[in-house]
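Structure at a glance
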Amino acid sequence: MKAAIYKTYGPPEVLKIEDVEQPAIQDGHDDRVLIKVYSASVNPFDYLHRKGYLPIRLSEGFMKPKQDIQILGIDVAGTVEAVGRNVSRFKVGDAVFGNCLGSHAEYVRARQERLSKMPKNATFQKAAAIPTVALTALQALRDVAQIKKGQKVLIYGASSGIGHIAVQLARFYETEVTAVCSTSNLPWVKDLGAHHMIDYTKEDFSKNGKKYDIILDAVGKRTYFSCKRSLTETGVYISEHPLKPRYQLAQWIFSMLIRDKRMKAHLSNPNEKDIDLIRELIEEEKLKPVIEKSYPLVQIVEAHRHVENGHTKGKVVVEVQKV
């Protein structure tokens, strides 16, 4: 099968399309399904691994990535080709989407609890665009911030992958949503349901005197300490960008030392209940992904370069195979 492989850390050009052995459902894969991949997406997770971010090197190969993790991609949409003996949620031929490792390839194995059936009203491209960002935004708002009806929520980086989904979820939970993004993104983000818009190139929300119950920094470009004046006394600040985990941890530890518990740490947890909920929200048209551009697998280098520049409008999708 064809797959995008990286055998060394570095810039997007280290990615190569090569023929590799197709995975199979064998002993030890009892709870997994084999998926024929039609679409995947590119996330910050992918280029952090490709670049060899230090914490990743410590667990996945210091000088070069380990052989069994040289295929990137964590979002998938495709059809089931084979199932393990303990798989009860899916059968061969089902169209599915969800979260797995190695989806930048024509076939991939995935755990059944990280998948759901494809939304009836979604294409493979749209389905592949949403799992990671939707899981992240959902769990940050619902579980970490414990979002409630009537609260005031600010989404910083509202045009990003996580941000544009968070805007829609905040509306779903019946809160008053303020979206922060650049001038060119104001119209389409507002159409997603934001009540108030702030152009960060013209206004710093932290200086307007307004208070919010939840501030979700979807792009990790603000610090807790620059946002705390905009939080209510019981408000919550969450930063989602993976480029600065040690910095975020330092902020969180310091906030605990000074007994300020408004900064929260968060790691998403793929699970069947939440994936199924995301499917339901898509089918009810309460959640829709915005795709800025789609690249064929042979242009994976360009797709990585696009996402890594940090100004993606919504999501970038990879078309792995023709439907």
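Residues numbered from 1 in each chain as written. Predicted model: local features only at pLDDT ≥ 70, side-chain atom pairs only at ≥ 80, totals over all residues. Heavy atoms only, no water.

**Quick word on the packing of helix H4 (residues 131-144) against helix H9 (residues 272-283)**
- Interaxial distance between H4 and H9 falls to 10 Å at its minimum, and their mutual angle equals 105 degrees. Our classification of the angle between H4 and H9 gives roughly perpendicular. Counting all contacts with H4, which are made through Pro131, Ala134, Leu135, Leu138, Gln139 and Arg142, the residues of H9 involved are Asp274, Ile275, Leu277 and Ile278.
- Classifying every residue of the contact of H4 with H9 gives seven nonpolar, one polar and two charged. (Axes fitted to C-alpha atoms, helices over the stretch in contact; angles between N-to-C directions. Helix = DSSP H or I, 4+ residues; strand = E, 2+ residues; numbered from the N terminus. Parallel < 35°, antiparallel > 145°, perpendicular 65-115°, else oblique. Contact = heavy atoms within 4.5 Å. Nonpolar A, V, L, I, M, F, W, Y, C, P; charged D, E, K, R; others polar.)

**Observations concerning unusual backbone geometry**
- Notably, Gln146 is not glycine yet its phi reads approximately 55 degrees, a positive angle.
- The backbone of Glu174 shows a phi angle near 60 degrees, a positive value even though the residue is not glycine.
- Along the chain, the position of Glu174 falls in the loop between helix H5 (161-172) and strand S9 (176-181).

**Some points on the packing of aromatic side chains**
- This structure, assessed with the given rule, holds seven aromatic pairs.
- With 5.7 Å between their ring centres and 50 degrees between their planes, Tyr224 and Tyr237 make a pair best called tilted. Taken together, the positions of Tyr224 in helix H7 (residues 224-227) and Tyr237 in strand S12 (residues 231-239) put the pair 13 residues apart, joining distant regions of the chain.
- Assessed through its relative accessible area of 0%, Tyr237 is described here as buried.
- One aromatic cluster is present, built from ring pairs that chain together Tyr156, Tyr200 and Phe205. (Phe/Tyr/Trp six-rings, centres within 6.5 Å; stacked < 30°, edge-to-face > 60°. Buried < 20%, exposed > 50% of the residue type's maximum accessible area, 1.4 Å probe, protein only.)

**Examining the side chain of Gln168**
- Note on placement: Gln168 falls in helix H5.
- Within the structure, Gln168 has its side chain in polar contact with the backbone nitrogen of Lys288 (distance 2.8 Å).
- Apart from residues no more than four positions distant in its own chain, Gln168 is found in contact with Leu192, Lys286, Leu287 and Lys288. (Polar contact = N/O pair within 3.5 Å; in protein donor to acceptor, adjacent residues only side chain to side chain.)

**Quick look at the environment of Val323**
- As for its position among the elements, Val323 is in the segment after strand S15 (315-319).
- The exposure class assigned to Val323 is exposed, which follows from its relative accessible area of 76%.
- Separated by 126 residues in sequence, Val323 and Met197 place their C-alpha atoms 38 Å apart.
- Excluding residues that lie within four positions of it along the chain, Val323 makes contacts with Tyr38 and Phe124.

**With respect to the side chain of Ser160**
- With respect to the secondary-structure elements, Ser160 resides in the loop between strand S8 (152-156) and H5.
- Looking at Ser160, its side chain comes within polar contact range of the main-chain oxygen of Gly157, at 2.7 Å.
- Within the structure, the side chain of Ser160 is placed 3.0 Å from the backbone nitrogen of Gly163, a separation counted as a polar contact.
- Contact partners of Ser160, with chain neighbours within four places excluded, come to Ala218, Val219, Thr312 and Gly314.

**So, the nonpolar core**
- With 43 residues, the main nonpolar core has Val167 and Leu287 as its most contacted residues.
- Here this core gets seven residues from one element, more than from any other, and that element is H4.
- Leu287 has contacts with Ile130, Ala134, Ile165, Gln168, Leu169, Ile278, Leu281 and Ile282, leaving out every residue within four places of it along the chain.
- Judged by nonpolar contacts, the second largest core, of 32 residues, contains Tyr53, Val80, Val301 and Ala303. (Core = buried A, V, L, I, M, F, W, Y, C linked by side-chain atoms within 4.5 Å.)

**Regarding the pattern of salt bridges**
- Per the stated rule, a full pass over the model turns up 18 salt bridges.
- Of the charged contacts in the structure, one is a salt bridge between Lys7 and Glu18, with a shortest N-O distance of 3.3 Å. Of this pair, Lys7 sits in the loop between strand S1 (2-6) and strand S2 (15-19) while Glu18 sits in strand S2; the two residues are eleven residues apart in sequence, bridging distant segments of the chain.
- Residue Lys7 is classed as partly exposed on the basis of its relative accessible area, which comes to 45%.
- The partly exposed category is assigned to Glu18, whose relative accessible area is 27%.
- In this structure, Arg142 engages Asp274 in a salt bridge whose closest nitrogen and oxygen atoms are separated by 3.0 Å. You can see Arg142 sitting in helix H4 and its partner Asp274 sitting in helix H9, a full 132 residues away along the chain.
- You can call Arg142 partly exposed: its relative accessible area is 26%.
- For Asp274, a relative accessible area of 5% gives the class buried.
- Shared partners join several salt bridges into a network, and the residues in it are Asp27, Asp30 and Arg85. (Salt bridge = Lys/Arg side-chain N within 4 Å of Asp/Glu carboxyl O.)

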